[in-house]
Amino acid sequence: MERKNAWLSYDAAQKEKLNELCERYKTFITRGKTERECVDQAVEAAEKAGYISLEKARKKGKKLKAGDKVYDTIMGKSMVLFTIGTAPISEGMNILGAHIDSPRLDLKQNPLYEDTDFVLLDTHYYGGIKKYQWVTIPLAIHGVVAKKDGSAVKVVIGEDPDDPVLCITDLLIHLSADQMKKSGATVIEGEDLNLLIGSEVVEKKDEDEKKPKKGEKKDPKGNVKDNILKILKDKYDIEEEDFLSAELEVVPAGPARDLGLDRSMILGYGHDDRICAFTSLEAMLNVKKPEKTAVCLLVDKEEIGSVGATGMHSRFFENAVAEVMDLCGQYSELELRRALRNAKMLSSDVSAAYDPNYAGVNERKNTAYFGRGLVFNKYTGSRGKSGSNDCSAEYFAEVRRIMDDAGVFWQTAELGRVDQGGGGTIAYIAGNYGMNVVDAGIAVLSMHAPCEAASKADIYEAVKGYEAFLKA
Ligand code: MN
Ligand code: MN
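Presented here is an overview of the structure given in this document. (Residues numbered from 1 in each chain as written. Chains lettered and ligands numbered in written order. Predicted model: local features only at pLDDT ≥ 70, side-chain atom pairs only at ≥ 80, totals over all residues. Heavy atoms only, no water.)

### Describing the coordination of the manganese ion (ligand 1)
Inference 1: The protein atoms that coordinate the manganese ion (ligand 1) are His 99 (NE2), Asp 272 (OD), Asp 349 (OD) and Asp 349 (OD), at distances of 2.1 to 2.5 Å.
Inference 2: Of note, the manganese ion (ligand 1) draws all its donor residues from one chain, in the sequence arrangement H-x172-D-x76-D.
Inference 3: In this structure the manganese ion (ligand 2) is found 3.2 Å away from the manganese ion (ligand 1), and Asp 272 serves as a bridging donor for the pair. Here the residue His 99 occupies a position in strand E4 (residues 93-99), and Asp 349 occupies one in the loop between strand E14 (344-348) and strand E15 (351-352), the gap between them amounting to 250 residues.
Inference 4: Relative accessible area serves as the criterion here: at 1%, His 99 is assigned to the buried category.
Inference 5: Residue class for Asp 349 comes out buried when judged on its relative accessible area of 7%. (Donors = N, O, S within 2.8 Å, 3.2 Å for Na, K, Ca; no water. Helix = DSSP H or I, 4+ residues; strand = E, 2+ residues; numbered from the N terminus. Buried < 20%, exposed > 50% of the residue type's maximum accessible area, 1.4 Å probe, protein only.)

Here it is as structure tokens:
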């Protein structure tokens, strides 16, 4: 039951559409390297497409009707969009869900320190990473610094071609006799992921004010840290103490780029899972007046278990559905329960693509391949499907029909050989409502690495598949 490759099916006009879509996707992930930056871009695109904020609709006392579009955000880090259907919401919604957080290094609350004429920032990694992949590559800092006066400063350092970049150093091979004997998990340790941000020693203005701390040597020539703090003050008007209330994420610097001499793939940071978020949003914006209320959910914190106010475990989504039903004149506690129970969802997250370099971790019949379209995982999980949603056979039969009727290229897969490892998604959390949920998504290579790869054909097929699902 080998699935067909989508590339063979495209004519010139389709390839043009595919390339136009992928150019916009590259811009999206180049600008969207944090969950906040993804929400900002999604809000901008949604408002341009006629969506209004739920808060605004509520304050105006706007009555929602079929075809109306609203969105809600929480803490600027998760978002949900609704296009009201012609059927009552209690009959169910068609939901696309994806996450917009990606593995990275977060700055600690007290990150800044000076060591022997270097200034560094201490980090705590976020999500599952191979730590050794994050050294000796150009890194950028994206995020916000919230100040006591209530203002928040947006920070992006390392993306403009004129910007400097940051870096974490590695030990030279010449002196790595001991390091090279360590296992991959410890060759670079989490506590050693310290970002190098400066080395120019400048003269201290007032020696008396900079008395050395206990155990610290007094350096009569000057230091590096004061100069770095001055740069932060001049450029962003932030003090060292402001790091305490900041969310600064260290991510690979530079834009997403075409991969391959044939430009058939994209190499970039954060395909997991912005590739599904972008394609879900794209499909959502293409849907005008569906029968079932269409929903697109872009959530934070998946990489650390979907916890917290902005993760899928939060009541954020359920509350937003209640508000929307209220504005439609359809709210009651029971009707809300019915809407959630009768909903259908494609919970989208990236799949592990077959990699000829590491063929041994996959079982060929149940593996995702580049260019064969949208990937469905009936179940995910690890060690005997543990933690998996495992969608019902009847629901997946329906999904097969929707995809085939719309001429979408699609495939099915598991995440690797049995007992090789595994992973989870947000599917099981939505499943708690009793709704039908299946894992869907796009295959990537080098998942969770600073640079991941994906196929342009799969991006194109995903949008087609998501749109068909919302219209079903
Ligand atoms: Mn993911
Ligand atoms: Mn992931």
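### Comments concerning the layout of surface pockets
Inference 1: Looking at the largest pocket, its volume works out to about 1100 Å³.
Inference 2: Where the lining of the largest pocket is concerned, the elements lending two or more residues are E15, strand E19 (422-423), strand E20 (436-441) and strand E21 (443-445).
Inference 3: Looking at side-chain class alone, the lining of the largest pocket contains 12 nonpolar, 16 polar and eight charged residues.
Inference 4: Two domains each donate at least three residues to the lining of the largest pocket, and these are domain 1 (6-102 + 269-471) and domain 2 (105-252). (1 Å grid on protein atoms, 1.4 Å probe; cavity = no way out; pocket = protein on both sides within 12 Å on 5 of 7 lines; lining within 4 Å. Points joined across faces, edges and corners; volume = space filled by probe spheres on them. Nonpolar A, V, L, I, M, F, W, Y, C, P; charged D, E, K, R; others polar. Domains from an automatic or database assignment.)

### Quick notes on the pairing of strand E10 (residues 246-252)
Inference 1: Counting buried positions over the seven residues of E10 gives five, a clear majority of the element.
Inference 2: Of the pairings in the sheet, the one linking strand E5 (residues 104-115) to E10 comprises two bridges and is antiparallel in character. Residue Asp 106 lies in a different strand from E10, and its bridge partner there is Glu 249.
Inference 3: Looking at chain direction, strand E7 (residues 139-146) and E10 are connected through seven bridges and run antiparallel. Among the inter-strand pairings, His 142 is bridged to a residue of E10, identified as Glu 249. (Pairing = 2+ DSSP bridges.)

### Here's the deal with a nonpolar patch on the surface
Inference 1: A surface patch of nonpolar side chains, amounting to about 280 Å² of accessible area, comprises Leu 171, Leu 172 and Leu 175.
Inference 2: Secondary-structure assignment places Leu 175 in the loop between strand E8 (152-157) and strand E9 (194-198). (Patch = residues over 30% accessible without salt bridge, like charges linked within 9 Å, V, L, I, M, F, W, Y side chains within 5 Å. Areas by Shrake-Rupley, 256 points an atom, 1.4 Å probe, with all protein chains shown as cover. Salt bridge = Lys/Arg side-chain N within 4 Å of Asp/Glu carboxyl O.)

### Observations concerning the pattern of salt bridges
Inference 1: One pass over the structure, following the stated rule, counts 36 salt bridges.
Inference 2: Asp 258 is paired through a salt bridge with Lys 26; the nearest N and O atoms lie 2.8 Å apart. Residue Asp 258 is found in strand E11 (residues 257-259), and its partner Lys 26 is found in helix H1 (residues 12-31); the two are separated by 232 residues along the sequence.
Inference 3: The buried category is assigned to Lys 26, whose relative accessible area is 10%.
Inference 4: With a shortest N-O distance of 2.8 Å, Arg 338 and Glu 335 are connected by a salt bridge. Placement of both Arg 338 and Glu 335 in helix H7 (residues 333-341) is noted, with a separation of three residues, approximately one turn of the helix.
Inference 5: Take Arg 338: its relative accessible area is 38%, and that puts it in the partly exposed class.

### Concerning the packing of helix H6 (residues 316-327) against H7
Inference 1: Where H6 meets H7, the closest approach of the two axes is 10 Å, and the angle between their N-to-C directions is 120°. When the interaxial angle is binned, H6 and H7 end up oblique. The handedness of the crossing between H6 and H7 is right-handed. Between H6 and H7, the contacting residues are Phe 317, Glu 318, Val 321, Ala 322 and Met 325 on the first element and Glu 335, Leu 336, Arg 337, Ala 339 and Leu 340 on the second. (Axes fitted to C-alpha atoms, helices over the stretch in contact; angles between N-to-C directions. Parallel < 35°, antiparallel > 145°, perpendicular 65-115°, else oblique. Left-handed = near helix turned anticlockwise from the far one by under 90°. Contact = heavy atoms within 4.5 Å.)

### Topic: H6
Inference 1: With 12 residues, H6 ought to run about 16 Å at 1.5 Å a step, and its terminal C-alpha atoms sit 17 Å apart, in line with that.
Inference 2: Within H6, nine of the 12 residues are buried, which leaves it mostly tucked inside the rest of the structure.
Inference 3: In the core, the buried residues of H6 are packed alongside helix H3 (54-60), strand E2 (69-74), strand E3 (78-83), E4, strand E13 (293-299) and H7.
Inference 4: Immediately downstream of H6, the backbone of Gly 329 shows phi near 70°, a positive value. (Expected span 1.5 Å × (residues − 1).)

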